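# A closer look at the structure
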Amino acid sequence: MLRLEPVAVALPEVLTGRERLDAPVRWVHVAETAEAARLSSGGELLLATGVGWPSDDAALRRLGRVLVEAGVAGLVLELGAPVPAAPAALVQEFQTAGLPFVVLHREARFVAITEAVHSRIIAEQMVALRARDDIHALFTGLSLRGSPADFIVEQAARVLGSPVVLEDTSHRVIAASGLTASGQTASGLTASGLTASGTGGGAAAPDRSAPGEDELAGWEQRSRAAHRSGEAGWTIVPVEARGMRWGHLVGLPGEPHPAGRSNVLEQAAVALALSRLSDRDEDEWTRRSHDALLAALLGRRFAGEGGVTARFEAAGFPFGGRAVAGVAVRLRSGTVPVPAAARAVEAARAAGVDAVAGRHPEQAGTLVVAVSARPGRQLADALFSSIADGVGSVRLDDPVAVVAVGSDARGVTGLLSSLEEAVELAAGSATRTDARLGRTPLIQRVQHRPLLRLVNALGSDPRLLEHTEQLLRPLIEYDLATGGDLVEVLRAYLSHPGNRTRAAAASHLSRSVFYQRIALIEELLGMDLDDGETVAALHAAVLTRGRVAT
């Protein structure tokens, strides 16, 4: 206000309250008498010439106390014949209260000042109204289009320009967006970056630039504390409808918004509630959250271990001091029912371990489960049998064929390798076991597949990749040119060494066609598939190609 031209030309000087010059001015009012000043309702900036003020110090101090108690934003006094200098007693009251007291050294046009300030105030109110309309239109549109929860959260974070978190009533993070890395904004639950390798061991030193690490670290404890006593800059609104509360939408500290940060989050919460009401199952939010976490991990779409660790832990999957492992479940039909992930998590928690589960992002017929055991608890076969029972209970006519278990590991990179081991093991085990199993699932551990463990331990070693390319190039190029399946036929053959009948069944080919394919493979490779060293080299190449593809 002091920079506006009608004020600036009057040469304003701030006598007191310089630290309060950022206080908002609700209105500007001319008040020449103590009685008029007493009628202030708070937030006004008062203009005066002092013509109606008392002259004795005691009365001036009383006037000052009245103005302070009324909550005025400040006082502007035009110096002139009635009051050539600011009264010391009045200035002292403002000094004590820390309120701005400003004097104008030249004559000012109070009408011009009030007009300029009120125009700004009304303009800002119009901006706020338009912003509220825009926000209402945005989130109403998202509701009508049936946008998922993570996208609604992403839009709320974009509008506010700061992190926004959707949590359930247990303070587990369902979705988060606007998370920061080194001062830069990185939206969503995934980021691109690190290639991880190895089968386990301790987690690497946290990457302090990882998106989400600072905001989500220790989320449950911080969120509970904020709900109890409030947290500076946090804005928390409930997500509820029809008397049911599903969680909260939390806006972390950020700049003010013209529509009001609370209003933005309230509109987003309404959209989330409508989205939840339209969901086909009650586990929709958790399922999408777990799918996003596992897709980011398996796709290596994270910039550093710290960020992805914080995301998993905020979702209720702790790493600290715990053994973790990856599990891959394949059903007999090769499809994964929607509720299967929730049943797997329920079964794991009933067995005393934490878990996240979701469909494999690239292999539609595979359910992947990450499990985290408390210190001292073993990841025993009974746990994986419970997971199989839970998944199998979704559709009794579609039993689980294989539960493949990766190596016990530590940290994020260990979990990634364990999951990859389990997926590869399940892919090679499911088809070859279906024909000879009853309704009892086969539980296989990667410890029984030493070659697979070796391939995963080598990770993306260029020499291993070159070995794979050199051996399989003729088959890959043939398949690309003809739409063939020679690589998969070779995979089936290598998964059933010495038993071509079972290998043919696993590749879903008649024996005669399968034998023709094997003969063509031997011709293209110039190798004898009955030679043990050749089979071992090809098996390592096929396993490496499958690992890279996933």
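The following refers to the structure shown. This one's a predicted model, so the numbers in the text were calculated from it and none came from an experiment.

## A word on the sheet that holds strand β11 (residues 244-251)
Ordered by their spatial adjacency, 4 strands build an open sheet running β7-β6-β11-β10, and the pairing between neighbours is antiparallel. Sheet topology places β7 (173-177) and β10 (235-241) at the edges, where each strand pairs with a single neighbour. Going across the sheet, the axis of each strand differs from the next one's by a mean of 20°, ignoring polarity. Sheet topology note: the strand β6 (residues 164-168)/β11 ladder contains 5 bridges and is antiparallel. The partner of L166 across the bridge, within β11, is L249. In the packing of helix α9 (residues 261-278) onto the sheet, the strands contacted are β6, β10 and β11, and the crossing angle to β10 comes to about 25°.

## Digging into the environment of T180
Its location among the elements puts T180 in strand β8 (residues 179-181). Accessibility expressed as a relative area gives 27% for T180, which makes it partly exposed. Along the chain, T180 and E213 lie 33 residues apart, while their C-alpha atoms are 8.2 Å from each other.

## Some points on the packing of aromatic side chains
Taken as a whole, this structure holds 6 aromatic pairs when the rule is applied. When the centroid spacing of 5.3 Å and the interplanar angle of 70° are considered together, the rings of F317 and F319 count as edge-to-face. Residue F317 shares its accessibility class with F319, and that shared class is buried. Of the aromatic side chains, those joined through ring pairs into one cluster are F312, F317 and F319. One residue, R276, lies across the ring of W285, its end atom 4.9 Å from the ring centre.

## Quick word on the nonpolar core
Burial of nonpolar side chains together is a common tendency in soluble globular proteins. By size, the foremost hydrophobic cluster in this structure holds 30 residues, and its most contacted members are F139, V164, L166, V239, L249, L272 and W285. Contributing elements (two or more residues each) for this core: α5 (110-144), α6 (149-160), β6, β7, β10, β11 and α9. In terms of nonpolar packing, the next biggest core, distinct from the first, is built from 28 residues, L294, A315, V324 and V402 among them.

## Topic: the pairing of β10
Judged by which residues are buried, β10 turns out to be one-sided: T235, V237, V239 and A241 face inward and are buried, whereas I236, P238 and E240, on the alternate face, are not. Relative to β11, β10 runs antiparallel, the two being bridged by 7 bridges. Its bridge partner being in β11, P238 is matched across the sheet by H248. Hairpin geometry of β10 and β11 is characterised by an intervening segment of 2 residues between the two adjacent antiparallel strands and by a positive phi of about 55° at R242.

## Re the side chain of E420
Among the structural elements, E420 can be located in helix α14 (residues 411-434). By relative accessible area, E420 is classed as buried at 4%. At 2.8 Å, the side chain of E420 and the side chain of R300 are in polar contact.

## Structural notes on the sheet that holds strand β1 (residues 12-16)
Spatially, 5 strands are ordered β1-β5-β4-β3-β2 in an open sheet, and the strand pairing comes out mixed. What marks the edges here is a single partner per strand, and that holds for β1 and β2 (27-30). The average angle at which neighbouring strand axes cross in this sheet is 25°, direction not considered. Judged from the 4 bridges that link them, β2 and strand β3 (residues 44-48) form a sheet pairing that is parallel.

Cut-off values and rules
Residues numbered from 1 in each chain as written. Predicted model: local features only at pLDDT ≥ 70, side-chain atom pairs only at ≥ 80, totals over all residues. Heavy atoms only, no water. Pairing = 2+ DSSP bridges. Helix = DSSP H or I, 4+ residues; strand = E, 2+ residues; numbered from the N terminus. Axes fitted to C-alpha atoms, helices over the stretch in contact; angles between N-to-C directions. Contact = heavy atoms within 4.5 Å. Buried < 20%, exposed > 50% of the residue type's maximum accessible area, 1.4 Å probe, protein only. Phe/Tyr/Trp six-rings, centres within 6.5 Å; stacked < 30°, edge-to-face > 60°. Lys NZ or Arg CZ within 6 Å of the ring centre and 35° of its normal. Core = buried A, V, L, I, M, F, W, Y, C linked by side-chain atoms within 4.5 Å. Polar contact = N/O pair within 3.5 Å; in protein donor to acceptor, adjacent residues only side chain to side chain.

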